[in-house]
Amino acid sequence: MRAYKSKVVTPIRLPDRDERTANLETAGYNVFNLDSDSVYVDLLTDSGTGTMSDEQWAAMMRGDEAYAGSSSFERLQSAVSDVMGFERIVPAHQGRGAENVLYGALVSEGDYVPNNTHFDTTRAHIANAGAEPVDCPIEGALSSDQQFAGNLDVEKVRDLADEVGAENVPAVLVTITNNSLAGQPVSIENLRAAREVADDLDAHFVIDACRFAENAYFVKEREDEFADHSVADIAREQLAEADAIIMSGKKDGLVNIGGFVGISDDGALDGLYEGVRQRGILYEGFTTYGGMSGRDIEAMAVGLRESVEEAYVADRVGQVQQLGELLAERDVPVHLPTGGHAIYVDADAFFPDIPAEQFPGQVLVCELYREGAVRGVELGSFAFPDTDRPELVRLALPRRTYGTDHLEHVAETFESVAERRDAGETTGLEIVEEPEMKELRHFSAELQPVN
Ligand code: F0G
């Protein structure tokens, strides 16, 4: 059930088909190059794209813009302590800023860092620190009807430590929910097992908590031990296992920008906290603002509290499920059960006649724009060259932003795309121009239809 109503609105427009076709061509068949006002339903990301509440906007007026000792920061500390259970925080401009300050302090040249699955900025920061990121998802996570398909395979972590030496594994990471693995949740049982393996290896245990509230909702729904607990209690309980967390406020902080590192107040972590604080000052800004304005901080302090409200999070995850059902009813190959923030479509199965080298995922993304001005993102061989990832397309739902009619429009757009496919009107794509750093090509490369 919808847990909010609109007070401020942004007009949107559905450009006609000729305009959409022309826009695609001008954008070089890369939807990152589209103007947002030519997009009708924008599912590019759930990051920083949500709608703030009246309480958040009101709090922004209270923003204390002092360089040091800002009272806004005190309110954020109090919210993080209440909602996430961490007393010590180092603010950052967004999640990757938090990753930079934490992983730069924790990880060094030659280390190995396991994670259930590294999100791309996490992978890049671990690599940037000279270490090797190692994905340890559970076997067959996406091929079966797992309740906690996002879990870490702790045995793989032990095997890795046996192979490279425990002294070279400074941290065990778990990302909740597992964004790179269809937004699937992680159980508290698994987080406890991850804590245990980290202790055995004398390593730090870090949780990427970007979508902690959505994860807590799944735990309540699916993990028997927690069926009678509130989402707010579960949110804290799951994070209590960690030595440190990194947070992007752009997800479950319900804001457009901001993030932080949280360090547990265990005395054994004083050194790490001090190291992270110093790096925070160097890269993000003084310890009471770190890349955010006072008003950004106020909005996040309120957003964090709202994110664990039962009605909000049930509505949020329910909307993702609803989109999943609308697509599954139309035989769109979506990953089920759906995760917390996005729908993942198997473009290989949707376009069986388009070979991998002609980017079936990117074709689907372009066709969704051509047929309905819907914007998703390819997360297959175009975004991740030279890997054997499945050809996935992600449709991420901004929080508190779209309604059922928008979701229905997306589902109808899939019908039009399928009609064109069945009529043999869809062609593959080839790259015309790409940047030197191939890993970043999906942001800027240009393509054209294959003749
Ligand atoms: N960790 C995870 C699991 C993420 O999903 C993201 C961002 C980050 C860290 C980095 O946070 O964007 O605030 O710097 N994910 C966005 C997405 C970009 O579209 O999935 P950030």
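Look up a bit, the structure's there.
Just so you know, these numbers come straight off a predicted model, no measurement behind them.

A. Structural view of the pattern of salt bridges. With the rule as written, the count across this model stands at 37 salt bridges. Ionic pairing is found between Asp-42 and Arg-375, a salt bridge with its closest N-O pair at 2.7 Å. With Asp-42 in strand 1 (residues 41-42) and Arg-375 in strand 10 (residues 374-375), this pair connects stretches of sequence that are 333 residues apart. Classification of Arg-375 as buried rests on a relative accessible area of 6%. We note a salt bridge from Arg-277 to Glu-274, for which the minimum N-O separation is 3.3 Å. Here the residue Arg-277 and the residue Glu-274 both occupy positions in helix 10 (residues 270-283), the gap between them amounting to three residues, near one helical turn. Judged by its relative accessible area of 25%, Arg-277 falls in the partly exposed class. Here the residues in one salt-bridge network are Arg-17, Glu-367, Arg-370, Glu-371, Arg-420 and Glu-425, joined through shared partners.

B. Geometry of the site of the ligand. Residues in close proximity to the ligand total 17 residues, the closest being Thr-45, Arg-96, Asp-208, Ser-248 and Lys-251. Within the side chain of Asn-179, one N or O atom sits 2.9 Å away from an oxygen atom of the ligand. Between the ligand and Arg-211 there is a distance of 2.9 Å, counted from an oxygen atom to a side-chain nitrogen or oxygen. Within the complex, 93% of the 470 Å² of free accessible area of the ligand lies under protein.

C. The arrangement of the pairing of strand 8 (residues 259-263) in detail. Burial analysis of strand 8 places five of its five residues in the buried class, which makes it a mostly covered element. Judged by which residues are buried, strand 8 turns out to be covered on both faces: Gly-259, Val-261 and Ile-263 on one side and Phe-260 and Gly-262 on the other are all buried. Relative to strand 8, strand 2 (residues 88-92) is paired through five bridges, and the arrangement is antiparallel. Counterpart to Ile-89 in the pairing with strand 8 is Gly-262.

D. View of unusual backbone geometry. Each neighbour pair has its own omega, and for Ile-176 with Thr-177 the value is -20°, a cis peptide bond. As for its position among the elements, Thr-177 is in the loop between strand 5 (171-175) and helix 7 (188-200). Omega for the peptide link from Leu-336 to Pro-337 comes to -5°, which places this bond in the cis form. Mapped onto the elements of the fold, Pro-337 is located in the loop between helix 12 (310-329) and strand 9 (342-346). For Asp-202, which is not a glycine, the phi torsion comes out positive at approximately 55°.

E. Looking closely at the state of the cysteines. Inspection of the entire model under this criterion finds zero disulfides. Between Cys-136, a free cysteine, and Cys-210, which holds the nearest cysteine sulfur, the sulfur-to-sulfur gap is 19 Å. The exposure class of Cys-136 is buried, given its relative accessible area of 1%.

F. Up close: the nonpolar core. Core analysis: the biggest nonpolar cluster contains 61 residues, and Met-84 and Phe-212 have the highest contact counts within it. Counting residues domain by domain, this core receives three or more from each of domain 1 (17-39 + 310-449) and domain 2 (54-307). Residues within four places of Met-84 in sequence aside, it is in contact with Ala-79, Ala-209, Phe-212, Arg-236, Leu-239, Ile-245, Met-247, Phe-260 and Leu-304. Ranked by size, the runner-up nonpolar core spans 43 residues in total, among them Leu-407, Val-410, Leu-429 and Ala-445.

G. Spatial organisation of the pairing of strand 12 (residues 392-396). Extensive coverage of strand 12 is indicated by the burial of five of its five residues. Along strand 12, one buried face is formed by Leu-392, Arg-394 and Ala-396 and the opposite face, lined by Val-393 and Leu-395, is buried too. As judged from the five bridges shared by strand 9 and strand 12, these two strands associate in the antiparallel manner. Note on strand 12: the bridge partner recorded for Asp-346 is Leu-392. Two strands pair when backbone bridges link them, and strand 11 (residues 377-378) and strand 12 are joined in this way by two bridges, in the antiparallel orientation.

H. Representation of helix 14 (residues 360-372) in the model. For helix 14, which comprises 13 residues, the first-to-last C-alpha distance of 18 Å matches the rise-based estimate of 18 Å (1.5 Å per residue) to within 8%. Of all 13 residues in helix 14, 13 are buried; the element is thus mostly enclosed. Of the residues one or two after helix 14, Ala-373 is the one with positive phi, at around 55°.

I. Local environment of the environment of Glu-109. Structurally, Glu-109 can be placed in the loop between helix 4 (95-106) and strand 3 (112-115). Given a relative accessible area of 68%, Glu-109 falls into the exposed group. In this structure, the C-alpha to C-alpha distance between Glu-109 and Val-41, residues 68 residues apart in sequence, is 43 Å.

J. Structural view of the packing of aromatic side chains. Tallied over the entire structure, the rule returns seven aromatic pairs. Within the aromatic cluster, the residues linked to one another by ring pairs are Tyr-67, Phe-286 and Tyr-289. Directly above the aromatic system of Phe-384 lies the positively charged group of Arg-389, at a separation of 4.2 Å from the ring centroid.

K. Fine view of the environment of Leu-142. The topology assignment puts Leu-142 in the loop between strand 4 (132-135) and helix 6 (154-164). The sequence separation of Leu-142 and Thr-26 amounts to 116 residues, and the corresponding C-alpha distance is 36 Å. Excluding anything up to four places from it in sequence, Leu-142 contacts Leu-181, Ala-182, Gln-184 and His-335.

Cut-offs used in this document
Residues numbered from 1 in each chain as written. Predicted model: local features only at pLDDT ≥ 70, side-chain atom pairs only at ≥ 80, totals over all residues. Heavy atoms only, no water. Salt bridge = Lys/Arg side-chain N within 4 Å of Asp/Glu carboxyl O. Helix = DSSP H or I, 4+ residues; strand = E, 2+ residues; numbered from the N terminus. Buried < 20%, exposed > 50% of the residue type's maximum accessible area, 1.4 Å probe, protein only. Near = heavy atom within 4 Å. Polar contact = N/O pair within 3.5 Å; in protein donor to acceptor, adjacent residues only side chain to side chain. Areas by Shrake-Rupley, 256 points an atom, 1.4 Å probe, with all protein chains shown as cover. Pairing = 2+ DSSP bridges. Disulfide = S-S within 2.5 Å. Core = buried A, V, L, I, M, F, W, Y, C linked by side-chain atoms within 4.5 Å. Domains from an automatic or database assignment. Contact = heavy atoms within 4.5 Å. Expected span 1.5 Å × (residues − 1). Phe/Tyr/Trp six-rings, centres within 6.5 Å; stacked < 30°, edge-to-face > 60°. Lys NZ or Arg CZ within 6 Å of the ring centre and 35° of its normal.

Read these as spatial facts, not as claims about activity.
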